Amino acid sequence: MINKVVKNVHEALEGVKSGMTFMLGGFGLCGIPENAITELVDLGIDNLTCISNNAGVDDFGLGLLLQKHQIKKMISSYVGENDEFERQMLSGELEVELIPQGTLAERCRATGAGIPAFYTPAGFGTEVAEGKETREFNGKMYVLEHAFNPEFAFVKAWKGDTAGNLIFKGTARNFNPMMAMAGKITVVEVEELVEAGELDPNQIHIPGIFVQRIFQGKDYEKRIEQRTVTPKS
Amino acid sequence: MINKVVKNVHEALEGVKSGMTFMLGGFGLCGIPENAITELVDLGIDNLTCISNNAGVDDFGLGLLLQKHQIKKMISSYVGENDEFERQMLSGELEVELIPQGTLAERCRATGAGIPAFYTPAGFGTEVAEGKETREFNGKMYVLEHAFNPEFAFVKAWKGDTAGNLIFKGTARNFNPMMAMAGKITVVEVEELVEAGELDPNQIHIPGIFVQRIFQGKDYEKRIEQRTVTPKS
Amino acid sequence: MSLDKKQIAQRIAQELKHNWYVNLGIGIPTLVANYIPKGIDVEFQSENGLLGMGPFPIEGTEDADLINAGKQTVTILQGGSLFDSALSFAMIRGQHVQLTVLGAMEVSQNGDIANWKIPGKMVKGMGGAMDLVASADNIIVAMMHTNRKGASKILESCSLPLTGVGCVKKIVTNLAVLEVKNNAFYLLERAPGVSVDEIKAATAGKLIIEGDVPEMKF
Amino acid sequence: MSLDKKQIAQRIAQELKHNWYVNLGIGIPTLVANYIPKGIDVEFQSENGLLGMGPFPIEGTEDADLINAGKQTVTILQGGSLFDSALSFAMIRGQHVQLTVLGAMEVSQNGDIANWKIPGKMVKGMGGAMDLVASADNIIVAMMHTNRKGASKILESCSLPLTGVGCVKKIVTNLAVLEVKNNAFYLLERAPGVSVDEIKAATAGKLIIEGDVPEMKF
């Protein structure tokens, strides 16, 4: 069994540098790699390109990196919950590339799966397709989209074992599995790290082969962005 | 909750006709839809195009359809365990299209995922790439491969619920999940059919949205092709 | 009298068919879930990775790990399932979702839709909307017929950057139900008490009126 | 003396590195698993959907639902995982598997490999071989240096239909260990007791011999 465990977040992020391209899992604040983000803030590296569906809120998630001006470019599908983001974007300090959410997910998967490019209908006829190859298949128009090339992927899982096998929980799964596949170095933080053999091999969402480093995360806030409830009757 | 249950294999195969294109799950004899195959033999339809990684053995799996000359064309990656297959192929009665296994798997997934075409390195420079578009990405050559268009997909799962959610077991998973995604009509037979809600929603391999019909299978032989064992010491 | 948002949702709910999987966008579309007709089984897909989405959780049981595409805490019904974003959009792109309901800023008579970007204003992104409109066989747009200044949003051609081309089949507004075909808007129903002339006045695109136009029924 | 199949496997096992994921083809490559050097952790990937493949099951415990790519009943080790064929080839195509060992009918000096088809004979198919050779960074071929008639299978160019182009880096035969580079075969090691001249005679492609060629060590 190949052991992927590193001691802590410091070891896990060894090698990250200014100017690199990262993938970060999560949808909104759900399933984000909280420990890795905090460490990136502490490391103070900058000029980062971040591929992440969203950009956090002002004081949480990727918003923490934005506050410190560590991000040069965001590649996302939706970025609308963050005042500082808006300020930096409108002032031209921050470059933003917006990508349809399904295209973003599929490009992450393609990256990990050795597929350099694929065709998708999303965005055909819109400015998203400008400058891209388009093509007809069976009477419908499609856009050619390419894999990414991230140096690190930061992923949050629910449970993981020492061999790097991962299980996600609820909708905190979202982009995490495909990003785990895609990282040249994939760093996973888990809520619960167990011994290899404790997880059912038939129920693993992402096999350890995709994971380079795994560690027991800590102090998860798991902030809720929109607390909507049904009143107790 | 949308209910996908049909009473039996007869109802499940309603609408199959001679000349259609089918996908059939399984790797070797592992995870094949035994009940559907038996019913197809009984229905006696012919001129079928079958997309399946293998073609069974002489007296089991797709070999049963071959014996009755029901198959016009096989689309597979490996077909070498079947004398009748060899005879029909060499005599020109049976058309065979051989596809690299990973390309086959990815083409099945693409079919279900609305991806009309993608690039893969498999087969570049070989006769598999003849007549196909090839293209360089990042200094490496790739071949353009397309989605399929099957009328039915026959899938075998371990457990399934009335909503069509599926869990596979061991290496009987193989091509079954992608074929479940790909069928215009996906017919699933399960070893154990349970009520919706009995399966952990976090541990479902294929959500019911991909499944049109599900039924409780019976009389599984689950034949072993190569019984290799370590003697008891 | 023109419909309020709840009534628009209620009218759209009448379009639901038994055994359909449905993706509801943020805003008015979300409200459609409150008006599912009796005897109709539908399942709601949330593109962040959830099928069989249920109502908001009972106060105190909300789970940070269970949200919808609007980032609201939700529940999952019996028979639901959870999956990653790639599989979620495989469902959408592969046309396994029978109906998409979403809002729009503009719709044109050839079925183009614009709902993600206003030049010069902060652009938040298209989220999953471009995938949804490019893929769905069946798209219903829920929108107000005119903007706050009274200008029509039902146009000959969209002025805003497009989200998708030639994809909208039906529109339910505060004034009318419109079918989009043959490069025109066909007036199918009027909101109760709203006249055909009022709808004509509020529609900038080509409007086709055939025979008597019935009022919506609730 | 030329190596037998077990010895070829044993020599290839010396190439394994700590923490490598390895895919072993059918035949001689499968035997490599029996000779993992001490202190080296490797995991075996079987392309039908299994990582952490273990030895054959104890008689009576075999499971029809747990086989390898050769359709043999196998076991799964602690920390292993099961997955579908698409994810399995995502691992392979995405270069997450560090080493592929497979057999060949012919290898050419530019690294082409032919191992799936003999024109005029029954063609069984390429299985996963084309994906493996097109994707792997690191391919070792296990083969006999010559065919049954004594003709070399180590060639200037392949005569059989190719499985992949320019992909083979290393070959271990019954006679020698060869590195494939610069459009030539570099003789790295001799089988114990086999002379350089014997290897020369058995090699049809361009063979480069630099200095003394050591014998393989076991």
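Residues numbered from 1 in each chain as written. Chains lettered and ligands numbered in written order. Predicted model: local features only at pLDDT ≥ 70, side-chain atom pairs only at ≥ 80, totals over all residues. Heavy atoms only, no water.

Draft legend 1. Examining the overall build of chain A more closely. The secondary structure content of chain A amounts to 6 helices and 11 strands. Here the C-alpha atoms of chain A give a radius of gyration of 18 Å, agreeing with the 17 Å that 2.2 N^0.38 yields for 233 residues. Each of the three principal axes of chain A carries a C-alpha extent, and together these read 55 × 50 × 40 Å. Sequence separation of at least 24 residues holds for 71% of the intrachain contacts in chain A that already meet a minimum separation of 6. Summed over its atoms, the accessible surface of chain A is roughly 8,100 Å², and 45% of this surface lies on carbon and sulfur atoms. In chain A, 23 side chains carry a positive charge and 32 a negative one; their mean positions are 4 Å apart. (Helix = DSSP H or I, 4+ residues; strand = E, 2+ residues; numbered from the N terminus. Rg over C-alpha atoms; globule rule 2.2 N^0.38 Å. Contact = heavy atoms within 4.5 Å. Areas by Shrake-Rupley, 256 points an atom, 1.4 Å probe, with all protein chains shown as cover. Lys, Arg positive; Asp, Glu negative; His and termini not counted. Charge placed at Lys NZ, Arg CZ, Asp CG, Glu CD.)

Draft legend 2. Structural view of the overall build of chain C. The helix and strand tally for chain C stands at 5 helices and 13 strands. For 218 residues, the compact-globule estimate of 2.2 N^0.38 gives 17 Å, and chain C sits close to it at 17 Å. Counting over 218 residues, chain C shows a buried share of 61%. Long-range contacts, defined as pairs at least 24 residues apart, comprise 61% of the intrachain contacts of chain C with a sequence gap of at least 6. Counting every atom, chain C has about 8,500 Å² of accessible surface; 49% of that belongs to carbon and sulfur. Mean positive and mean negative side-chain charge positions of chain C (20 and 22 charges, respectively) differ by 6 Å. (Buried < 20%, exposed > 50% of the residue type's maximum accessible area, 1.4 Å probe, protein only.)

Draft legend 3. Main features of the interface of chain A and chain C. Listed by partner, the interface residues are 50 residues for chain A and 46 residues for chain C. Together, the buried faces of chain A and chain C total about 4,100 Å²; carbon and sulfur atoms form 60% of this surface. Sorting the residues of chain A by area buried against chain C places F27, T171 and T228 of chain A first, and these three jointly supply 15% of that buried surface. Applying the counting rule to chain A against chain C returns 6 salt bridges. Linking chain A with chain C are 25 residue pairs in polar contact (both at pLDDT 80 or more). Those elements that provide at least two residues to the side of chain A that touches chain C are α4 (83-90), α5 (101-113) and α6 (176-182) of chain A. Of the residues forming the side of chain A that touches chain C, the biggest block, 5 residues, is contributed by α5 of chain A. Across the side of chain A that touches chain C, the residue classes break down as 21 nonpolar, 17 polar and 12 charged. (Buried area = accessible area lost by both parts, 1.4 Å probe. Salt bridge = Lys/Arg side-chain N within 4 Å of Asp/Glu carboxyl O. Polar contact = N/O pair within 3.5 Å; in protein donor to acceptor, adjacent residues only side chain to side chain. Nonpolar A, V, L, I, M, F, W, Y, C, P; charged D, E, K, R; others polar.)

Draft legend 4. Quick look at the sheet that holds strand β6 (residues 106-108) of chain D. Here 3 strands make up an open sheet; going across it, the order is β7-β6-β9 (chain D) and the pairing mixed. With partners counted over all chains shown, the strands left at the sheet margins are β7 (113-114) and β9 (154-155) of chain D, one partner each. (Pairing = 2+ DSSP bridges.)

Draft legend 5. Here's a closer look at the side chain of S85 of chain C. Along the chain, S85 of chain C falls in helix α3 (residues 85-93). For S85 of chain C, the contacting residues outside a window of four places in its chain are A105, N174, F175 and M178 of chain A together with N48 of chain C.

Draft legend 6. The pattern of salt bridges, seen in detail. Residues and elements named next belong to chain B. Tallied over the full model, the rule gives 46 salt bridges over all chains. Between D59 and R223 there is a salt bridge whose closest N-O contact spans 2.8 Å. Taken as a pair, D59 in the loop between β2 (48-51) and α3 (63-67) and R223 in the segment after β11 (213-216) lie far apart in primary sequence, 164 residues in all. Notably, a salt bridge pairs E145 with K132, separated by 3.1 Å at the nearest N-O pair. Of this pair, E145 sits in strand β7 (residues 140-146) while K132 is found in the loop between β5 (117-120) and β6 (134-137), placing the two residues 13 residues apart along the sequence.

Draft legend 7. View of the sheet that holds strand β7 (residues 113-114) of chain C. Residues and elements named next belong to chain C. Here 3 strands make up an open sheet; going across it, the order is β7-β6-β9 and the pairing mixed. A strand with exactly one partner marks an edge of an open sheet, and here the two such strands are β7 and β9 (154-155). Examined bridge by bridge, strand β6 (residues 106-108) and β9 share 2 bridges and lie parallel to one another. Considered in β9, the bridge of S108 is made with L155.

Draft legend 8. Representation of the interface of chain D and chain B. Taken together, the 46 residues of chain D in the interface contact 50 residues of chain B. For the pair chain D and chain B, the summed buried surface comes to about 4,100 Å²; carbon and sulfur atoms form 60% of the total. By the criterion of area lost to chain B, the three top residues of chain D are D65, K71 and M122 of chain D, representing 19% of everything that side buries. Here chain D and chain B share 6 salt bridges between them. Between K117 of chain D and E127 of chain B there is a salt bridge whose closest N-O contact spans 2.4 Å.

Draft legend 9. Molecular detail of α3 of chain C. Residue and element names in this part refer to chain C. Within α3, 9 of the 9 residues are buried, which leaves it mostly tucked inside the rest of the structure. Taken residue by residue, α3 has S85, A86, L87, S88, F89, A90, M91, I92 and R93 as its buried positions. One side-chain oxygen of the residue at the start of α3 lies 3.0 Å from the amide nitrogen of A86, identifying that residue as D84. Positive phi appears at Q95, one or two residues downstream of α3, with a value of about 60°.

Draft legend 10. Quick look at the confidence of the model for chain C. With 100% of its residues at a pLDDT of 70 or more, chain C shows a mean pLDDT of 96. Two numbers describe this predicted complex: its pTM, 0.98, and its ipTM, 0.97. (pLDDT = per-residue confidence, 0-100.)

Draft legend 11. How the structure looks around the side chain of N174 of chain B. Inspection of the secondary structure assignment puts N174 of chain B in the loop between β9 (166-167) and α6 (176-182). Within polar-contact distance, the side chain of N174 of chain B engages the backbone oxygen of C30 of chain B at 3.1 Å. At 2.9 Å, the side chain of N174 of chain B and the backbone oxygen of T171 of chain B are in polar contact. Ignoring any residue separated from it by four or fewer positions in sequence, one finds N174 of chain B in contact with G25, G26, F27 and C30 of chain B together with N48, F83, D84 and S85 of chain D.

Draft legend 12. Region of interest: the packing of aromatic side chains. Taken as a whole, this structure holds 11 aromatic pairs over all chains when the rule is applied. Here the aromatic rings of Y119 of chain B and F137 of chain B are separated by 5.0 Å at their centres, their planes lie at 65°, and the arrangement is edge-to-face. A residue pair is termed long-range when its members are at least 10 positions apart, and Y119 of chain B in strand β5 and F137 of chain B in strand β6 qualify at 18 residues. With respect to class, Y119 of chain B is no different from F137 of chain B; both count as buried. With centroids separated by 5.8 Å and ring planes inclined at 70°, the aromatic side chains of F137 of chain B and Y142 of chain B adopt a geometry described as edge-to-face. The exposure class assigned to F137 of chain B is buried, which follows from its relative accessible area of 8%. Taken together, the aromatic side chains of Y119, F137 and Y142 of chain A together with Y119, F137 and Y142 of chain B make up a single cluster linked through ring pairs. For K181 of chain D, the ring lying beneath its charged end belongs to Y186 of chain D, and the centroid distance is 4.8 Å. (Phe/Tyr/Trp six-rings, centres within 6.5 Å; stacked < 30°, edge-to-face > 60°. Lys NZ or Arg CZ within 6 Å of the ring centre and 35° of its normal.)

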